[in-house]
Each structure stands twice: as C-alpha cells, then as structure tokens.
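# Architecture at a glance
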Amino acid sequence: MSGHRVAAITRRLLHQFRHDRRTLALLFVAPLVILSLLGYLIRGGTSAPDVGVANQDQGPAGATVASALEKSSKIHAVTINAADGDAKLKDGSLVAYIVFPPAFSQLAQQSTIAPEIHLEGSQPGAQAPVLQAMQDALASLASSAIRFQPHITYLHGGPNLDQLDYFGAAFIGLILFFLVFVVTIVSFLRERSQGTLERLMASPLRRGEIVVGYMLGFTILALVQAVEVLLFSLYVLKVHNEGNVLLIFGFEVLMAISAVNLGIFLSMFARTEFQAVQFIPLVIVPQVLLCGILFPISTEPQSLQYVSDVLPLTYAVNGLRDVMLKGADLTWPSLQLDAGIVAGFCVLVIFAGIGTLRRRIA
Amino acid sequence: MSEAFAVDVDNVVKSFGTLRALDGITLRVRQGEIYGLLGPNGSGKTTLIRAVVGLIAPDSGTVAVLGHRMPDLNILSSVGYMTQAAALYPDISVEENLRFFAAISGADGNVDEVLRVVELEQRRKSVVATLSGGMRQRCSLACALVHRPRLLLLDEPTVGVDPQLRVQFWEHFREMAAAGTTILVSSHVMDEAERCQRLGLIRFGKLLAEGSPNEVRAAAGTNNLEEAFLKLSGRTSE
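What counts and how
- Residues numbered from 1 in each chain as written.
- Chains lettered and ligands numbered in written order.
- Predicted model: local features only at pLDDT ≥ 70, side-chain atom pairs only at ≥ 80, totals over all residues.
- Helix = DSSP H or I, 4+ residues; strand = E, 2+ residues; numbered from the N terminus.
- Rg over C-alpha atoms; globule rule 2.2 N^0.38 Å.
- Buried ≥ 20, exposed ≤ 12 C-beta atoms within 10 Å, placed from the backbone.
- Contact = placed C-beta atoms within 7 Å.
- Pairing = 2+ DSSP bridges.
- Axes fitted to C-alpha atoms, helices over the stretch in contact; angles between N-to-C directions.
- Parallel < 35°, antiparallel > 145°, perpendicular 65-115°, else oblique.
- Left-handed = near helix turned anticlockwise from the far one by under 90°.
- Nonpolar A, V, L, I, M, F, W, Y, C, P; charged D, E, K, R; others polar.
- pLDDT = per-residue confidence, 0-100.
- Core = buried A, V, L, I, M, F, W, Y, C linked by C-beta atoms within 7 Å.
- Expected span 1.5 Å × (residues − 1).

### As for the overall build of chain A
- Along the backbone of chain A there are 16 helices and four strands.
- Relative to the 2.2 N^0.38 estimate, which gives 21 Å for 362 residues, the radius of gyration of chain A is 27 Å and therefore markedly larger than a compact globule would have.
- Across its three principal axes, chain A shows a C-alpha extent of roughly 90 × 45 × 40 Å.
- Sorting the 362 residues of chain A into buried and exposed places 41% on the buried side.

### Brief notes about the overall build of chain B
- For chain B, the helix and strand inventory stands at eight helices and ten strands.
- Relative to its length of 238 residues, chain B is compact, with a C-alpha radius of gyration of 18 Å against a globular reference of 18 Å.
- Principal-axis analysis of the C-alpha atoms places the extent of chain B at approximately 50 × 40 × 35 Å.
- Relative to its full complement of 238 residues, chain B shows a buried share of 48%.
- Considering only intrachain contacts with a sequence separation of at least 6, the fraction spanning at least 24 residues in chain B is 66%.

### Observations concerning the sheet that holds strand β3 (residues 96-100) of chain A
All names here are of chain A.
- One open sheet accounts for four strands, arranged β2-β1-β3-β4; its pairing is mixed. Edge strands, defined here as strands with exactly one partner in the open sheet, are β2 (76-79) and β4 (116-119). The mean angle between the axes of side-by-side strands here comes to 25 degrees, regardless of whether they run parallel or antiparallel.
- In this sheet, β2 lies alongside strand β1 (residues 50-55) in parallel orientation, the contact comprising four bridges. Among the inter-strand pairings, Val53 is bridged to a residue of β2, identified as Thr79.
- Helix α4 (residues 61-71) contacts β1, β2 and β3 of the sheet and is inclined by roughly 165 degrees relative to β1.

### Digging into the packing of helix α11 (residues 245-267) of chain A against helix α16 (residues 333-356) of chain A
Residues and elements named next belong to chain A.
- Two elements in contact, α11 and α16, have axes whose closest approach is 8 Å; the angle formed by their N-to-C orientations is 25 degrees. Taken together, the axis directions place α11 and α16 in an arrangement best described as roughly parallel. The hand of the α11/α16 crossing is left-handed. Contacts between α11 and α16 pair Phe251, Leu254, Met255, Ile257, Ser258, Asn261, Leu262, Ile264 and Phe265 from the former with Val342, Ala343, Phe345, Cys346, Val349, Ile350, Ala352, Gly353 and Thr356 from the latter.
- Across the contact of α11 with α16, the residue classes break down as 14 nonpolar, four polar and no charged.

### Some points on the confidence of the model for chain A
- With 95% of its residues at a pLDDT of 70 or more, chain A shows a mean pLDDT of 86.
- Within chain A, helix α7 (residues 124-138) of chain A has the poorest average pLDDT of any element, 82, and β1(A) the best, 92.

### Notes on unusual backbone geometry
- With an omega dihedral of 5 degrees, the bond running from Met70(B) to Pro71(B) counts as a cis peptide bond.
- Following the sequence through the fold, Pro71(B) ends up in the loop between β5 (68-69) and β6 (79-82).
- Despite not being glycine, Lys238(A) has its phi angle at roughly 55 degrees, a positive value.

### Here we look at the nonpolar core
- Val180(A), Val52(B) and Ala142(B) are the most contacted members of the largest nonpolar core, which totals 154 residues.
- Filtering out sequence-adjacent residues up to four positions away, Ala142(B) remains in contact with Leu98(B), Val114(B), Leu115(B), Val118(B) and Leu120(B).
- Among the nonpolar cores identified, the runner-up in size contains 23 residues, and Leu94(A), Val95(A), Ala96(A) and Ala108(A) belong to it.

### Re the environment of Val53(B)
- Looking at where Val53(B) falls in the secondary structure, it is placed in helix α1 (residues 45-53).
- Apart from the residues within four sequence positions on either side, Val53(B) is in contact with Ala202(A), Val79(B), Tyr81(B) and Leu153(B).

### With respect to the interface of chain B and chain A
- Between chain B and chain A, the residue contacts involve 26 residues of the former and 23 residues of the latter.
- For the side of chain B that touches chain A, the secondary structure elements donating two or more residues are α1 and α2 (94-104) of chain B.
- Tallying contributions element by element places α2(B) first for the side of chain B that touches chain A, with four residues.
- The residue makeup of the side of chain B that touches chain A, split by class, is 18 nonpolar, five polar and three charged.

### Re the pairing of strand β3 (residues 34-38) of chain B
Residue and element names in this part refer to chain B.
- Taken across its five residues, β3 has five buried, putting it largely inside the fold.
- The two faces of β3 match: Ile34, Gly36 and Leu38 on one face and Tyr35 and Leu37 on the other face are all buried.
- Two strands pair when backbone bridges link them, and β3 and strand β8 (residues 182-187) are joined in this way by five bridges, in the parallel orientation. Of the residues in β8, the one forming a bridge with Ile34 is Ile183.
- Here four bridges tie β3 to strand β9 (residues 198-203), and the two strands are oriented parallel to one another. Bridging across to β9, Tyr35 finds its partner in Arg198.

### Considerations on helix α10 (residues 207-236) of chain A
- When the terminal C-alpha atoms of α10(A) are compared, their 42 Å separation across 30 residues agrees well with the 44 Å that a helix rising 1.5 Å per residue should span.
- Backbone geometry just downstream of α10(A) places Lys238(A) in the positive-phi region, at approximately 55 degrees.

### Observations regarding the sheet that holds β3(B)
Residues and elements named next belong to chain B.
- Spatial ordering of the open sheet is given by β6-β7-β8-β3-β9-β10, a layout of six strands whose pairing is mixed. The two strands at the open ends of the sheet, each matched to only one other strand, are β6 and β10 (206-211). When strand polarity is set aside, the average angle formed by the axes of neighbouring strands in this sheet is 15 degrees.
- The strands touched by helix α4 (residues 133-145) are β6 and β7 (151-155); relative to β6, the strand with the most contacts, the crossing angle is about 165 degrees.
- On the sheet, helix α5 (residues 163-178) packs against β3, β7 and β8 and is oriented at approximately 150 degrees with respect to β8.

### So, the environment of Gln305(A)
Residue and element names in this part refer to chain A.
- You can see Gln305 is positioned in helix α14 (residues 302-310).
- According to the C-beta neighbour criterion, Gln305 is partly exposed, with 14 such atoms within 10 Å.
- Between the C-alpha atom of Gln305 and that of Ala54, which follows or precedes it by 251 residues, the distance is 45 Å.

### What to know about the pairing of strand β1 (residues 5-16) of chain B
Residues and elements named next belong to chain B.
- Summarising the sheet, β1 and strand β2 (residues 19-30) pair through nine bridges and their orientation is antiparallel. Paired with Ser15 across the bridge in β2 is Arg20.
- Across five bridges, the pairing between β1 and strand β4 (residues 60-65) is antiparallel. Within β4, the residue paired with Val13 across the bridge is Ser60.

### A look at α1(B)
All names here are of chain B.
- Taken across its nine residues, α1 has nine buried, putting it largely inside the fold.
- Along α1, the residues that are buried comprise Lys45, Thr46, Thr47, Leu48, Ile49, Arg50, Ala51, Val52 and Val53.
- The positive-phi residue at the C-terminal boundary of α1 is Gly54, with phi of around 90 degrees.

This is the structure in structure tokens:
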C-alpha cells in the first residue's frame, strides 16, 4: 500500500469539502441543531400537564389532598367544576381531572380512599405524572404520627438526572454515525456516477488504497465533528458525564470509522444517489429503533432482543451510556465487550468495503 | 512478454448477456504509433479500450500492454486513459484535479505544461463545475497526460472541443508520438482518422479492416476515407 497514493485520495476529499459548503454545514451545523432541539424539547418545555381538581367533599380530607395537588411539581392543578371536566378533556385543555366526591372524607375514615380520576387516555405518557402526583398527595392524609420519609440512594446518576442525560449520551454517537454514513455513501456513489471511479480503476491505485484514503478523509472530518458534538453536549447542554471524556471520544472514533466503511460497502449496491438514500430506512432506522436509544432492550419482545444483540449500534449506545451515566472505564468487562464489538464491526466493514470494490466493470 | 507492441490484443471475446461486444478481435499497436479505432456507435470501441486498460475481463483471449499481460496494476502508471465523458471531480479546481491524477500515478506531474497544451492556464484555479463542456473535455485530456504516460488511450477525446483547439490537440499528439508515446484513439471524425498512422475499422466487435489511411482507401477502392469507412462496414454512402 502506497502512503503517497492514500494521502492523495485523502487530500482530494478534504479539498472537495473545502469547496462544498452545504455538506460542511450538514456535517457541522446539523448536529448542533439536532442536539439543541433535543435539549430544548426535554428541558425547555413545561413538563407539568394541566389537571383539573374538583373538590365536592363535605369533610376536610378533600381539601387537604387538593391543596397537596396544587403544590405538586408533577402537575399543574387547576380548580374546576366537576360538570365541566369532560368538556375540558375533549377540548384538550386538561389531560385529566380529579373529583373528590361529597363522601370522600367519610369514606377515608372507614379506610377507603376513593377519589375519581378521569383521564383523557389517548396519551399514555401524560398519565404517569397524574397518577404519581395523586399518590404523593394522598400521603398527606396519613396521620401525623406516621411520617413518610423514604431513604433513597443512587448507584449511578442522581435525583437531577433527566431524559436529556439518558438520550444525550446515545445521541452523541448516533448523530455522528448517521451523518457520516449519509455523506460517505453519497460521495462514494458520485465517484461512480461522474465516471471518476472508472478513471481511478484505470490507475495503479489498489482497492485498499481507495478505501483507506476515503476512510482517512472522512474520519478526519468526523473527528472534528465528534469534538464539536462532545463539547456542545458537555458544556452547552450540560449532559451528565461521570466517565473519561477520551473514552467517549474513542467510541465516537469507532462509530465514525464504521459509518464511513459501511457507507463505502453499501454504495456498491446502489446505482444512483436516490438508491443510496434508500439505505437509510433499511439500514439506519431499524438500528435506531432496536439499539436501545428509544426503548430499553430488556423490554423488547424476545425475538427482537436477538436482533438487537447483533446490531453494532446497540453496543455503541450501551458503551456510551455506561461511560457517561455510570462512569465505566476499560476495566469493566461490559465496556470491554462493547468496545470490542464496535471495533470488530469496524474491521469487518473495512474488509467488506475493500472486498466489494470491484476493479473491473464487467 | 515482448514489448515490441505497446498494445497487443489477441483474439479477445467479450459478451454482455447475449450481446457479443468483442468477437475474437486481434490488433497490435506499435510503439510510438498513433492508431485510430473507427467504428459506428456500439461497434465495440469503448469496450476494446476498457479491455486494454484492464477494466473489462475478456471471456477469452489475452491483452498485453507495454509487454505486460493485463490486468497489471503496476503498468497502469505508464498508461493515460481519457474516458468518453469528462470524468473529473466537479467541486475542486482544474489544478487540484490535475495534481490528484498525477499523484495517484506516482508522478509529480507536469501540471504547467499540460495546462498550456489544453489552454487552461487562465482557469487553473477555477472549480471544474464552473467550466464549459469543451473546457471540461480539455481538463479531462490534461488529466490523462499529466503523468507523462507511455501509452495514451483516448476514447473520443475531441467531442465538444472547438475545431481550432482540435487541430492543436492533434499537433500535440503527433509531438508525443514522435517522442515515443503510443496513442490509441477512438473517433468518429474522418478528419481525425486521416491524422492517424494506422486505422482499425471495427463493427459488431470485429476488426473489419486495418492499415494506413491510404491502405484503407485502397482496400475499399475509393479516394474518400468516409466512403471507404461506409463501404468496408457494409453500409452505402447514399
């Protein structure tokens, strides 16, 4: 393998990107836009849903619980008339309303606590905070002799860990993988469609030199992107990190190299850029669904868990979360496995790319 | 293998499905010669050039380039190949394209010289996407010349090039041939065919006739090369 020829390919790619400002914007602005949106969605919104409270109780218990609900941070309690409740659920101004019936206190004295909880029902995610707030508020009914004071400890993270910390750790790698894959597959296909690949194949270039030259060029860009994404996540979005930043960066490097070579490999199976883009729903979307970013793998149906177990993105996401949320390092066997599998996938796709790049047209 | 011939194609057959693109073709191009491949569209000219450069594997027969049986990567550093369509990187400059193609052939490249030949010195910093079709064709030729090849394969190199520059191209080809470079060029243009030292007339993947322009005319019994071309390829001039 000639370093001179590999460097020529890498240099040419970097020249191309220097002239191609749109692609540079995709690589360096798009991740910040996506991460900012994610951050704002999770941390910027008013997470407490509006819940109506109608107290018809003739005793003191209803007022006590209603008062506790008003103080809850999980919901935004609004006093309503019970007769208006259903209409407000229908027009979407409330996700639920709670009625304390006239005999609420009387029943409570007989050890039956029976509030009426009316849920809108079409948004499963909105029910949990209502029920949680209700449970907390009912604790206020306990007699002063009994104080509910659980002692909570956290093995990892802490009470301030939120959804952005959980998703952000995985998104750092995913965004890099996705954008680098798209840019590589389209760039490599353009070599074919503009006829330059034929010219390269009629030169002394070895197939391995083409793949390594491409890999280096894209990896240089991907690493700049990785640093940008990492700094933005840690210092602007303040995504939680307990681990070594270099380990996170290491995972990003492996994901970038995988994405480049997967793009080169799959470009062999497309004839046009349009066909290349069709690999996104075929190759990327199933991995995103099954790699544990959105749904924990342990809650997937068993048959899909087998699929998740063979997807490289699963191990990349798991590794990044272990480092950032649990402070894992390379002495952890689980992290060794994650890093090993992602590195193994890198090597596999490098050889797949070299193996499928045909010198001959026919 | 002997280097007596720069290109030695021996009984090459290549089929694509039921289409026989090359049908037992044999031709030899001498060192320092300008050899013109003539033939109508689809006659097999491009397939033959691709087989010579090793991009197409013959079903049978052999191809040798500069004494090396193809495919042979090492000999490709001595071969310049210009594809029919200008195969260039549109989003980098003319000079960056030239330096790249020189570098992958392991040469420093005579960038200034080839820019002068194709008259693109003023546009050396221009991004290729901003050039006209003719300029791209000139840039593509420059990329094939930049590493000083011993064998130049040109697939219809003057398409879209204005007549004046075409004359200059051919003057340069003649100078290169005089300096020892072998040129195998496919063309439709009879005026260009006249400038070749020998011609090979191809149709249906077969070599129908071969010789100097005078020999080809004599074989067809006419003074006009175009008529000879039509006659020998089984067409009429009417």
